[in-house]
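# Observations on the three-dimensional arrangement
Below are the chains, spelled out letter by letter.
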Amino acid sequence: MTVAVNTEETGKRIAEAIPGSVVSSDKGSLIVDSKALAQIADFLKNTPGMEFDYLTVLTAADYLDYFEVVYRLVSLKNNQSLILKTRVYGRENLSLPSVTPVWRAAYYQEREIFDLLGIKFEGHPDLRRLLLWEGFNGHPLRRDYL
Amino acid sequence: MPIKTEQFYLNVGPQHPSTHGVFRLRLSLDGEVVTDVEPIVGYLHRGIEKLAETRTYTQIIPLTDRLDYLASMTDNVAYCMAVEKLAGIKVPERAEYIRIIFSELMRVSSHMMAVGFYLNDCGAFFTPVLYMWREREKILDLFDMVCGQRLLYNYMRVGGVSQDLPDEFMPAIKKFVAEMPRYIGEYNQLIKQNEIFLARSKGVGILPRETAINIGASGPVLRASGVKWDIRKMDPYSIYDRFDFEIPTGEAGDCYDRYWVRMQEMTQSLRIIEQAMSQMPAKGPVCADVPQFFRPPAGETYGYIEAPKGNLGFYIVSDGSIAPYRLHIYPPTLINITALKDMVIGWKVADLIIIFGSMDVVLGEIDR
C-alpha cells in the first residue's frame, strides 16, 4: 500500500529546514508558500527518509480568489505519497517557481497549466502553450472563461 | 576541403502513419542522424476537462471513453473509481469482479495493438497487426456481448456497471482464456527469435532507470527500465489484493524490453482473469443505488489506476453540485514522451520511428 505521509510531521520538518515556508499542514494536505517552492521541492527529493523521487500529477484549479496548484509526490523507495499544495493570488501576471529542474515529470504539465490556466513557471526551460496554438486568446480552464 | 553541411529540419506528421494519430515531431537532422526532436501535440484537443465542468457526473463517462480509445474500459473504470472515492460509494462485490475482468481484457487488447503496431513500425508490414487483430476481435466480441459496443463502451457506471453479464458471456470468456496462451506462444515463436526484429530493437532507444523515474514514466515504459512499480501491486485498488500475479520487468530499458514486458503482462492478465472468474459471486447486484443527479460532498480527490499504458488518474474537485467544479485527467502517455528526446538523439530516423512506436502513445489521451 502506498501510505500517505503524515502532513503535520512533514510540515514541521519542512518548516525547520526552510523557516516560514509552510502555510498550513493539517487535514491531509500540505500548503506551502509559493516563493519557497523550488527549495521545498529540492528538500523533499533529497532528504533521507523522504526521497520523493517520483512526481505524478501536477495540476491547478481556479477558485476565483486564488489558484491552487497541486503536486502529488511519491517515494518509490519508501512507497509513500504526499500531496503538496500552493496558492497564487490574483488574476494577472501569476507566477510560480518551476519544479522541472527537480522532477522533469513537470515539463509538460507546467506547460499545460500555463496554457489552460495562465500561470507562469519561472525557470521552466521552454514555457510555451501545449495544447492550444500560439496567439490563442485567454486561458480556457479559468472559471471566468466562457 | 571539408564538406559544408547544415542542419536540416523535418516534420514527421501530423498526418503520418507512424505517429499513431495526429502527432507531429519536429526533427533536427544531421544527415540521417537525429540531433533534436520536439513533439508538438494538441491536434486532437477537444477540451474534455472544460466540457466536464458543464456535465453531470454520469454524463462525463462517455467523454472518458474518448481518452485512450484503445482502452476505453479502463478509462471508464478510472473515472468511476475516482467519483466513488469522492462520494463514498461502495461498489457491489460482483461489479468489482466484472470490472477486474474487463480491465484485464482491455489490457490484453491494448498490449496486442501496441505490439502489433510496434512490429509494423519495425518493418513487418501489417502481418503481425493482423495476427494480433485476430485475437483482439474475440475480445471485442466479448465487449460487444455485454454493452453492444466495440470501441467506445460506456459500460461502467458510478457505483458499478450498467448491466449484468449475459448468459452466453461466461462460456465465451472461458473459451477465450483457455485458447489465448496458445496464441501468445505462437506470437513468441514468430517474433521473439526473429533476427531482424532483435537487431532493430535490442539496445535501441535505451531509457535509463533514473531518467525513467525522474520524468515520471509509468506503465510498461517504466517497468521495462527495471523499476518494479505497478499500482495494482504497490497500492492495490479495487480488489487486486485478492489475486496472485507477477510484475514483469525489463533490465536494459530498450525497445525490446518494452515489447517483452507487454507480452509477459498479457500472460499475467490472463492469470488474473482466470482467478476472477472462479472467485466471482454467481449472482448479486451489479450497481450500487446511485441517484441519477447525485451530488458528491464538497471536496477533492485524486483517483488513479494502472491503465494499460500507465498510471491514469482523475483529479476531481466538487463544490457539492451535480457537476464537477474541476476535473483534471493525468495522461500517462503524455508524461512518457517527456523522455523521447533522451531516447532518440543520436539515432537514425528509422530508429526514431521504432523508439516512438515502442512508447505506445494514444493521441486521444495526450490531447484530451
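About the cut-offs
Residues numbered from 1 in each chain as written. Chains lettered and ligands numbered in written order. Predicted model: local features only at pLDDT ≥ 70, side-chain atom pairs only at ≥ 80, totals over all residues. Helix = DSSP H or I, 4+ residues; strand = E, 2+ residues; numbered from the N terminus. Rg over C-alpha atoms; globule rule 2.2 N^0.38 Å. Buried ≥ 20, exposed ≤ 12 C-beta atoms within 10 Å, placed from the backbone. Contact = placed C-beta atoms within 7 Å. Nonpolar A, V, L, I, M, F, W, Y, C, P; charged D, E, K, R; others polar. Pairing = 2+ DSSP bridges. Axes fitted to C-alpha atoms, helices over the stretch in contact; angles between N-to-C directions. Core = buried A, V, L, I, M, F, W, Y, C linked by C-beta atoms within 7 Å.

## Considering the overall build of chain B
- In terms of helices and strands, chain B carries 15 helices and eight strands.
- Taking 2.2 N^0.38 as the reference for a compact globule, 368 residues should give roughly 21 Å; the C-alpha atoms of chain B span a radius of gyration of 21 Å, in line with that estimate.
- For chain B, the spread of C-alpha atoms along the three principal axes comes to 80 × 45 × 35 Å.
- Taken across its 368 residues, chain B has 50% of its residues classed as buried.
- Once local pairs closer than 6 in sequence are excluded, the contacts in chain B between residues at least 24 apart make up 69%.

## So, the overall build of chain A
- Each helix and strand in chain A was counted, giving three helices and eight strands.
- Overall, chain A shows an N-to-C arrangement of helices and strands of β-α-β-β-α-β-β-β-β-α-β.
- Taking 15 Å as the expected radius of gyration for a compact globule of 146 residues, we find that chain A reaches 15 Å, a close match to that expectation.
- Each principal axis of the C-alpha atoms in chain A carries an extent, and together these give about 45 × 25 × 25 Å.
- For chain A, buried positions account for 45% of its 146 residues.

## What about the interface of chain A and chain B?
- Residue-level contacts link 23 residues of chain A with 26 residues of chain B.
- Among the elements of the structure, β4 (54-62), β5 (66-75) and α3 (106-117) of chain A are those that each provide at least two residues to the side of chain A that touches chain B.
- Per-class residue counts for the side of chain A that touches chain B are 16 nonpolar, four polar and three charged.

## Quick look at the sheet that holds strand β6 (residues 299-307) of chain B
Residues and elements named next belong to chain B.
- The antiparallel open sheet is built from three strands, whose spatial order is β6-β7-β8. Every interior strand has two partners, whereas the edge strands, β6 and β8 (326-330), have only one. Neighbouring strand axes in the sheet, compared pairwise and without regard to direction, differ in orientation by 10° on average.
- Taken together, the nine bridges between β6 and strand β7 (residues 310-318) define a ladder with antiparallel strand orientation. Bridge pairing in β7 places Glu306 opposite Asn311.

## Details of the nonpolar core
- Grouped together as the largest cluster of nonpolar side chains are 145 residues, with contacts concentrated most on A:Ile119, B:Ala78, B:Val83 and B:Ala212.
- Sort the elements by how many residues they give to this core and helix α4 (residues 93-122) of chain B lands first, with 16 residues.
- With sequence-adjacent residues up to four places away left out, A:Ile119 is seen in contact with A:Ala60, A:Phe67, A:Val69, A:Val88, A:Leu94, A:Ser95, A:Leu96, A:Ile113 and A:Phe114.

## Details of unusual backbone geometry
- Despite not being glycine, A:Glu51 shows a phi value in the positive range, around 45°.
- Examined against the element boundaries, A:Glu51 turns out to sit in the loop between α2 (37-46) and β4.
- What makes A:Glu51 partly exposed here is the crowd of 17 C-beta atoms within 10 Å.
- Although it is not a glycine, B:Phe126 sits at a positive phi angle of roughly 65°.
- Relative to the helices and strands, B:Phe126 is located in the loop between α4 and α5 (127-147).

## What about the pairing of β5(A)?
All names here are of chain A.
- The element β5 is largely enclosed, with a buried count of seven among its ten residues.
- Inspection of the sheet shows β4 paired to β5 by seven bridges, in the antiparallel sense. Bridge assignment links Ala61 to a residue of β5, and that residue is Glu68.
- The antiparallel hairpin formed by β4 and β5 contains three residues in its connecting segment, where Leu64 sits at a positive phi of about 65°.
- Summarising the sheet, β5 and strand β6 (residues 80-89) pair through ten bridges and their orientation is antiparallel. The partner of Phe67 across the bridge, within β6, is Val88.
- The hairpin formed by β5 and β6 contains four residues between the paired strands, and Asn79 there has a positive phi angle of roughly 50°.

## Digging into the environment of B:Ile191
All names here are of chain B.
- Among the structural elements, Ile191 can be located in helix α6 (residues 169-191).
- Judged by the 21 C-beta atoms lying within 10 Å of it, Ile191 falls in the buried class.
- For the pair Ile191 and Leu119, spaced 72 residues apart in sequence, the C-alpha to C-alpha distance is 8.7 Å.
- Excluding residues within four positions of it along the chain, Ile191 makes contact with Leu119, Pro128 and Phe197.

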